[in-house]
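So the chains spell out like this:
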Amino acid sequence: MSDLTGEVVLVTGAARGIGAAIALAAADAGARVGLLDIDADGARALAERIGPAAAWAACDITDQNSVAPAVTALRSDLGPVTGLVNNAGKNAYGDPVAMTVDEWDEVFAVDLKGAWLMSRAVLPDMLAAERGAIVNIASMHATFTCPGMFPYAAAKSGLVGLTRSLALEVGPRGVRVNSVSPGYIETDLLAEYFSLQPPEVRREALDKHILGRLGTPEQVASVVAFLLSESAGFVTGADWAVDGGVSARFA
Ligand code: NAI
């Protein structure tokens, strides 16, 4: 197991799904964890479950006026931030012609801009300490995608680009930045996706997996905990696939 003893790790979208699993894994690995979510009740419930090592804050990652006070409050509860997981995100099911500019902006605000706003808020601590790790939860859609999810792939590709770009900016000052690109992970978000598809799509998705099964939030969380830890001390600017081998397959 990765060791995060003494680290202070903030996780966005921590109320449920992959974010909740990451928060639990980081706490299990010894970190103090700050849970941020627009779902305040969910974040509070998970913080209570974790216990004294956790604090929570209601936060909309798309709004700088929400990010700043949330990060300040968690910093005062937990101490200077040494790790950040930009996990909050959502699917998009837009049509390239019918989509409005507001709808476009909303996708990019959640799936891309929020990661920068959060990184901007925690980097002063990390740069002052000359150590820190940021992990962005991108998606297999950053590399290949499917019809009906416009423009999710563009936003998640942007998040992998942000990962590389930020890694170059802050690496010389001791901060590592990586992304993780999950495949099909059993969460409420995936249930939402399958509910919008014909019934055979779930079977087809399973058939594409070399391992013959979908992933769990915990299987993403263990890779994230590794990337946050000193065990990954020579890993930066990289995108890690956690997709059961879907991306290795041509057809
Ligand atoms: P989820 O929908 O179960 O959980 C997302 C969490 O983010 C929720 O608690 C939600 O309240 C929070 N959130 C949404 N917008 C927010 C905002 N503006 N500010 C703060 N919190 C916000 O999603 P899931 O499945 O756990 O996904 C987590 C991340 O993993 C997302 O970035 C998603 O795009 C990515 N991902 C998920 C995959 C899957 O199969 N589940 C596959 C590939 C990527």
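Conventions used here
- Per chain, residues are indexed from 1 in the order of the written sequence.
- Where local features are concerned, this predicted model is filtered to residues with pLDDT of at least 70; where side-chain atom pairs are given and counted, the filter is 80 or more; whole-chain, interface and lining totals use all residues.
- The basis for every side-chain value is the complete set of heavy atoms in the structure, and neither hydrogens nor water enter the calculation.
- We count a stretch as a helix when DSSP gives it H or I for four or more residues in a row; a strand needs E for two or more, and each element gets its number in order from the N terminus.
- Burial classes: relative accessible area under 20% of the type maximum marks a residue as buried, over 50% as exposed, and values in between as partly exposed (1.4 Å probe, protein chains only).
- For accessible areas, the Shrake-Rupley method is used with a probe of radius 1.4 Å. Any residue's cover is judged against the shown protein chains and nothing else.
- Here the term cavity refers to a set of points on a 1 Å grid, laid over the protein atoms alone, in which a 1.4 Å probe fits but cannot get out; the term pocket refers to an open set having protein on both sides within 12 Å along at least five of seven lines, with lining residues being those that place an atom within 4 Å of a point.
- Grid points are joined across faces, edges and corners, and a volume is the space filled by probe spheres set on the points.
- For the purposes of this section, nonpolar cores are sets of buried Ala, Val, Leu, Ile, Met, Phe, Trp, Tyr and Cys residues that join through side-chain atoms within 4.5 Å.
- Contacts were defined at the residue level, with two residues in contact if any of their heavy atoms lie within 4.5 Å.
- Two strands make a pair as long as DSSP finds a minimum of two bridges between them.
- Axis definition: a line fitted to C-alpha atoms, limited for helices to the stretch in contact. Angles are taken between N-to-C directions and run from 0 to 180 degrees.
- Whether a residue is near a molecule or strand depends on its heavy atoms: if one lies within 4 Å, it is near.
- Each polar contact in these results corresponds to two N or O atoms within 3.5 Å; when the atoms are within protein, one needs to be able to donate a hydrogen and the other to accept it, and residues that are neighboring in sequence are counted only if both atoms are side-chain atoms.
- Any residue outside Ala, Val, Leu, Ile, Met, Phe, Trp, Tyr, Cys, Pro, Asp, Glu, Lys and Arg is labelled polar, Gly included; the first ten of those are nonpolar and the last four are charged.
- A clockwise path from the first strand over the helix to the second, with the strands pointing away from the viewer, defines a right-handed crossover.

Enquirer: Any details on the overall build of the protein chain? Residues and values, ideally.
Expert: Counting its regular elements, the protein chain contains eight helices and seven strands. Each of the three principal axes of the protein chain carries a C-alpha extent, and together these read 50 × 40 × 35 Å. Looking at the protein chain residue by residue over its 251 residues, the buried ones come to 51%. If you sum the accessible surface of the protein chain, you get close to 11,600 Å²; carbon and sulfur atoms cover 56% of it.

Enquirer: I'd like a description of empty space enclosed by the protein, backed by residues and values.
Expert: Overall, the coordinates contain one cavity of 30 Å³ or more when judged by the stated rule. Taken as a whole, the largest cavity spans an internal volume of roughly 50 Å³. Secondary-structure elements contributing two or more residues to the lining of the largest cavity are helix H4 (101-129) and helix H5 (152-170). For the lining of the largest cavity, the leading source of residues is H4, giving four residues.

Enquirer: Tell me what's going on with the nonpolar core, and back it up with residues and numbers.
Expert: Counting 36 residues, the largest nonpolar core has Val33, Leu35, Val180 and Val224 as the members making the most contacts within it. Apart from residues lying up to four places away in sequence, valine 224 is in contact with Ile22, Val85, Val135, Ile137 and Val180. By size, the runner-up hydrophobic cluster in this structure holds 26 residues, among which are Ile61, Leu117, Ala167 and Val175.

Enquirer: Tell me about the sheet that holds strand S4 (residues 83-86), residues and numbers included.
Expert: Within the open sheet, the seven strands sit side by side as S3-S2-S1-S4-S5-S6-S7. Their pairing is parallel. Of all the strands in the sheet, the pair left with one neighbour each is strand S3 (54-58) and strand S7 (239-242). For this sheet the average axis-to-axis angle between neighbouring strands, irrespective of direction, equals 20 degrees. Where S4 and strand S5 (residues 132-137) come together, four bridges link them in parallel fashion. Note that in S5 the partner of leucine 84 across the bridge is isoleucine 134. Each of strand S1 (8-12), strand S2 (32-37), S4, S5 and strand S6 (175-182) touches H4; the most contacted strand, S4, lies at about 175 degrees to it. The strands touched by H5 within the sheet are S5, S6 and S7, with S6 carrying the most contacts at an inclination of about 165 degrees.

Enquirer: Any details on the site of the ligand? Residues and values, ideally.
Expert: Lining the immediate environment of the ligand, one finds 26 residues, of which Arg16, Asp37, Asn87, Tyr152 and Thr187 sit closest. Contacts to the ligand include isoleucine 38, whose backbone N or O atom sits 3.4 Å from a nitrogen atom. Contact between the ligand and isoleucine 61: a nitrogen atom at 3.0 Å from a main-chain N or O atom of the residue. The protein chains hide 93% of the 830 Å² of surface that the ligand would expose on its own. In the shell around the ligand, the residues fall into 14 nonpolar, eight polar and four charged.

Enquirer: Just give me the short version of the pairing of S3, but keep the residues and values in it.
Expert: Across five bridges, the pairing between S2 and S3 is parallel. Among the inter-strand pairings, glycine 34 is bridged to a residue of S3, identified as alanine 55. Following the chain from S2 across helix H2 (residues 40-50) to the adjacent parallel S3, one finds a crossover that is right-handed.

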